[in-house]
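Read off the chains here:
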Amino acid sequence: MGLSIGIVGLPNVGKSTLFNALTKAQNAESANYPFCTIEPNKAVVPVPDSRLQTLLELVGSQKLIQATVDFIDIAGLVKGASKGEGLGNQFLANIREADAILHVVRCFENDDIVHVDGSIDPIRDIEVIDTELILADLQAAERKAERLSKQLKGDKKLIPVYELLQKLIAHLNAGQPASALAELHSDLGHELRKDLLLITFKPVIFGMNVDEDALAEDSDYVLQVRALAASRGARAIKISARIEEELVGLSPDEAQEFLASYGVSESGLNAVIRTGYDMLGLCSFFTAGPKEIHAWTICQGWKAPQGAGVIHSDFERGFIRAEVIAYDDYVTHGSEAKCRAAGVLRVEGKEYVLKDGDVVHFLFNV
């Protein structure tokens, strides 16, 4: 498994510039006019994790394979997109599969960069995008309800699903996101969410695109977005798309020095990925051998067989046991052999809950 993040926002808020910078791949055209991105852009981004390099040096592996995040950037949405305004909402299907939404909000003034509504107002911008996402979910729910209504006579088991759909439709019609409907958190709601792939049920990170001055000290725009995010249980991260572009091509030491000059210690990429992992309850374990060091993404609380299944379904099906070394123990002793001799290599069974940073060797038989 991996983390996927869909990027949304109005035109000219810096989405494509940020996408270019975050992915270090200049494959999302940036220009000073709306709708310069007319096709959904996707990129696979390695997850920064300094522990991998340490393990690589200790084990002497031939290569290093990082966990990855999929970033999906769609065309800028405008008011009325659900009715076909601008480029319409045809690109929203591309983020229905995403695990989380990065909502890029313009929090900077610049007369040289046109705002689609002619002024800077991050709360208004957020409400415009929220409305379009709610309307997109509403259309999906209404289509599903129409299909189910024709099947009810032949299958009474569908009645609870249909009734929940009607509640969802009324809820969305009232301008509320799907995540605020309590019934969707039930087992039945879980199945309906999986079926509809509701965008407004996904966790949201507000990416506040700021100028260099606001990186160290919050502007009024940033304070407004932070307050809104807190009221919704969402996250808000300050990002300067321009600064992120400057980081492309710098060495880790140069990048850290460059960020420090602006009073920050973490790049936008790291902040978004770290926040995404935290929001979704994700973590990483490692496999280490002479051929490769490999990071694998799992959900916190997963047991050893489930983690094995991320590598290959046969590993989960034929799971016997797992040999586990905590990352800190591996670094302290320096090798698997020394960890075994020191008694810190543990043999764990099917009930073992994998921990972030575990170095694991799975034994299986199919």
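Criteria and thresholds
Residues numbered from 1 in each chain as written. Predicted model: local features only at pLDDT ≥ 70, side-chain atom pairs only at ≥ 80, totals over all residues. Heavy atoms only, no water. Pairing = 2+ DSSP bridges. Helix = DSSP H or I, 4+ residues; strand = E, 2+ residues; numbered from the N terminus. Axes fitted to C-alpha atoms, helices over the stretch in contact; angles between N-to-C directions. Buried < 20%, exposed > 50% of the residue type's maximum accessible area, 1.4 Å probe, protein only.

A. Layout of the sheet that holds strand β4 (residues 68-73). Strand order across the open sheet formed by six strands is β2-β4-β1-β5-β6-β7, with mixed pairing between neighbours. The open sheet terminates on both sides in strands that have one partner only, identified here as β2 (41-46) and β7 (235-239). The mean inter-strand angle of the sheet, taken between neighbouring strand axes irrespective of direction, is 25 degrees. Relative to β4, strand β1 (residues 3-8) runs parallel, the two being bridged by five bridges.

B. Layout of unusual backbone geometry. Phi at Asn12 takes a positive value of approximately 60 degrees, unusual for a residue other than glycine. Within the secondary structure, Asn12 is located in the loop between β1 and α1 (15-23). Relative accessible area serves as the criterion here: at 14%, Asn12 is assigned to the buried category. In this structure, Leu197 takes a positive phi of about 50 degrees despite not being glycine. Summarising the element assignment, Leu197 is placed in the loop between α5 (187-196) and β6 (204-209).

C. Up close: the pairing of β6. The buried fraction of β6 is high, at five of six residues. Of the pairings in the sheet, the one linking strand β5 (residues 100-106) to β6 comprises six bridges and is parallel in character. Paired with Ile101 across the bridge in β6 is Val204. Note that β6 and β7 share five bridges and pair parallel. Paired with Gly207 across the strands is Ile237, a residue of β7.

Distances and angles like these do not, on their own, reveal function.
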